[in-house]
Amino acid sequence: MKKILTLIISLSLAAVAAGCGSKAGDAKNASAAVKTKDTITIAWYPNESGADLKNARDELGKVIETATGKKVEHKTTTDYIIAIEAIANGSADLAFMGPQGYVEANAKNKKVQPLVVASGESGTLDDAVYFSWLNVRKGEEDSYKSGNGFAIDNIAGKKFSFVSNSSTSGFKVPSAGIVSYFSKKDKYKSLTAEDLLQGSKDKFFSEVLFGGTHQGAAVNLLTGKADVAAFCDTCVSNYVELASGTANKPGAVYKVKQGAAEPFNTLIGKEFALISVTPVLNSPFAINTGTVSAEDIKKLKDAFTSDAVTKNTKVFLPSDSKESGLFKQKTGKEKFLPVEDAWFNPVRELSK
């Protein structure tokens, strides 16, 4: 996992240093001739499509409506691929998506470009990351201890749950980390990410499940369908709380909190432990520059990065808020920042 961390950090810095690429500029120029539409459609991944996040979606919809003067339609989905295809084929104009999904949509249609990402706690792109976790049920983490830390050797042969093979933190990063770690061993020197997609007694995992959402992968773990599961911190943060240890560090224990919404409402108090943690580049709001005019793109970028949105407590929830939301303040410096396509090159590298 350390190799993946080093790759992400080093390539991120290189991408940021590279500045604006010609592809983004070309896409912007192409959008200048786009015919103005009366409605802007925004697609949401399944993780963000639940009823508990409706207020958060609606608030961002208001930001878009105010900025452009256009009606906003929300396209909630049940599968990552639906959202990726929607932004790529132009049936959606905007999409909030993971880095891997963005890379896939951009590969399908170069007119799909990043609009903004949420900054890190510093208010900059330097720490604009969330975290991909490998998790086991509380009480079973001792099997993965190694000295004073944890190791993933014993995940081989287990029942494992990913999120979706289009998920960055729920598949791309953890699978790359598993392959990187185990391929150093003679027994697994030919291991590939494709080998992790299916399970059997002859495969790396005895059984492989896909939760469809990060919440679904967590439920697979907590209900015993999986022994180990990959999911990210931000997608379950509305439902769980730190029970012991240090947040986002191996050994930390989280539990499902009182009042958690579906699908965790029947799992109150259930606990899981982190055995591996890897940072992942923050998720972008992507825009199809072939369906949104250059004028509207500028209005949207200005609106998202404005002080009004930064200080909007319905967009960036205060640190002590008990509400469910998409973004939460920790230091008070968090905000949206413009980002170029090249910033996501580290994710592209993981597929090579």
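Cut-off values and rules
- Residues numbered from 1 in each chain as written.
- Predicted model: local features only at pLDDT ≥ 70, side-chain atom pairs only at ≥ 80, totals over all residues.
- Heavy atoms only, no water.
- Helix = DSSP H or I, 4+ residues; strand = E, 2+ residues; numbered from the N terminus.
- Rg over C-alpha atoms; globule rule 2.2 N^0.38 Å.
- Contact = heavy atoms within 4.5 Å.
- Areas by Shrake-Rupley, 256 points an atom, 1.4 Å probe, with all protein chains shown as cover.
- Lys, Arg positive; Asp, Glu negative; His and termini not counted.
- Charge placed at Lys NZ, Arg CZ, Asp CG, Glu CD.
- Pairing = 2+ DSSP bridges.
- Axes fitted to C-alpha atoms, helices over the stretch in contact; angles between N-to-C directions.
- pLDDT = per-residue confidence, 0-100.
- Expected span 1.5 Å × (residues − 1).
- Buried < 20%, exposed > 50% of the residue type's maximum accessible area, 1.4 Å probe, protein only.
- Polar contact = N/O pair within 3.5 Å; in protein donor to acceptor, adjacent residues only side chain to side chain.
- Phe/Tyr/Trp six-rings, centres within 6.5 Å; stacked < 30°, edge-to-face > 60°.
- Core = buried A, V, L, I, M, F, W, Y, C linked by side-chain atoms within 4.5 Å.

Turning to the overall build of the chain, a few remarks are in order. For the chain, the helix and strand inventory stands at 11 helices and 17 strands. Computed over C-alpha atoms, the radius of gyration of the chain comes to 20 Å, within 12% of the 20 Å expected from 2.2 N^0.38 for 352 residues, which places it in the range of a compact globule. Overall size of the chain, expressed as C-alpha extent along the three principal axes, is 55 × 45 × 35 Å. Long-range contacts, defined as pairs at least 24 residues apart, comprise 72% of the intrachain contacts of the chain with a sequence gap of at least 6. Of the roughly 15,400 Å² that the chain leaves accessible, carbon and sulfur atoms contribute 49%. Across the chain, the centroid of the 44 positively charged side chains sits 2 Å from that of the 39 negatively charged ones.

Here we come to the sheet that holds strand β5 (residues 129-137). Adjacent strands of a sheet pair through backbone hydrogen bonds, lying either parallel or antiparallel. Taken in spatial order, the seven strands of this open sheet run β9-β8-β10-β5-β13-β12-β11, and their pairing is mixed. Single-partner strands in this sheet number two, and they are β9 (207-210) and β11 (240-244). The mean angle between the axes of side-by-side strands here comes to 35°, regardless of whether they run parallel or antiparallel. Bridge count for strand β8 (residues 159-162) against strand β10 (residues 228-232) is two bridges, and the pairing is parallel. Among the inter-strand pairings, S161 is bridged to a residue of β10, identified as A229. On the sheet, helix α7 (residues 214-222) packs against β5, β8, β9, β10, β12 (253-256) and β13 (271-281) and is oriented at approximately 150° with respect to β10.

Another point: the sheet that holds strand β4 (residues 112-118). Overall, mixed pairing links the six strands, which are arranged β2-β1-β3-β14-β4-β17 in an open sheet. Every interior strand has two partners, whereas the edge strands, β2 (71-76) and β17 (336-338), have only one. For this sheet, the mean angle separating the axes of adjacent strands, direction not counted, is 25°. Bridge count for strand β1 (residues 39-44) against β2 is six bridges, and the pairing is parallel. If you follow I42 over to β2, its bridge partner there is H74. The sheet contacts of helix α3 (residues 54-68) involve β1, β2, β3 (94-96), β14 (284-288) and β17, and relative to β2 the element is tilted by about 145°. Together, β1, β3, β4, β14 and β17 form the strand contacts of helix α9 (residues 294-304), whose direction differs from that of β4 by roughly 15°.

Turning next to unusual backbone geometry. Of note, the bond from E262 into P263 is cis; its omega dihedral lies within 30 degrees of zero at 5°. Structurally, P263 is set in the loop between β12 and β13. Positive phi, normally seen in glycine, also occurs at N248, with a value near 60°. Summarising the element assignment, N248 is placed in the loop between β11 and β12.

What follows covers the confidence of the model for the chain. Caution is warranted with low-pLDDT regions, since their predicted coordinates should not be read in detail. Per-residue confidence for the chain gives a mean pLDDT of 91; residues scoring 70 or more make up 90%. Within the model, the stretch residues 1-7 combines pLDDT values under 50 with 16 contacts to residues more than four positions away or in other chains. Confidence over residues 9-32 falls short of pLDDT 50; this stretch has 29 contacts with residues more than four positions distant or in other chains.

Let us now look at helix α6 (residues 168-182). Compared with the 21 Å implied by 1.5 Å per residue over 15 residues, the 20 Å span of α6 between its first and last C-alpha is a close match. For α6, the buried fraction is high: 14 of the 15 residues fall into the buried class. Between a side-chain oxygen at the N-terminus of α6 and the backbone nitrogen of G170 the separation is 2.8 Å; the capping residue is S167.

Assignment of secondary structure puts S167 in the loop between β8 and α6. A polar atom in the side chain of S167 sits 3.5 Å from the side chain of H214. Look past the residues within four positions of S167 in its chain and what remains in contact with it is Y80, Q100, K172 and H214.

Throughout the structure, instances matching the rule amount to 31 aromatic pairs. When the centroid spacing of 4.5 Å and the interplanar angle of 25° are considered together, the rings of F160 and F205 count as stacked. Placement of the pair is F160 in strand β8 and F205 in the loop between α6 and β9, with a sequence separation of 45 residues. Owing to a relative accessible area of 0%, F160 belongs among the buried residues under this scheme. Given the relative accessible area of 0%, F205 is considered buried. Among the aromatic residues, those joined into a cluster by ring pairs are F160, F162, F171, Y181, F182, Y188, F204, F205 and F210.

It is worth spelling out the nonpolar core at this point. The biggest cluster of nonpolar side chains holds 44 residues, and the ones touching the most others in it are M97, W133, F231, F264 and F272. Elements with a contribution of two residues or more to this core: α4 (80-89), α5 (99-108), β4, α7, β10, β12 and β13. Among the elements that line this core, the one with the most residues is α4, at six residues. Among all residues touching F272, those that are not within four sequence positions of it are W133, N135, V136, R137, K138, L221, L222, F231, V240, A252, V253 and Y254. Judged by nonpolar contacts, the second largest core, of 27 residues, contains F285, I287, I297 and F336.

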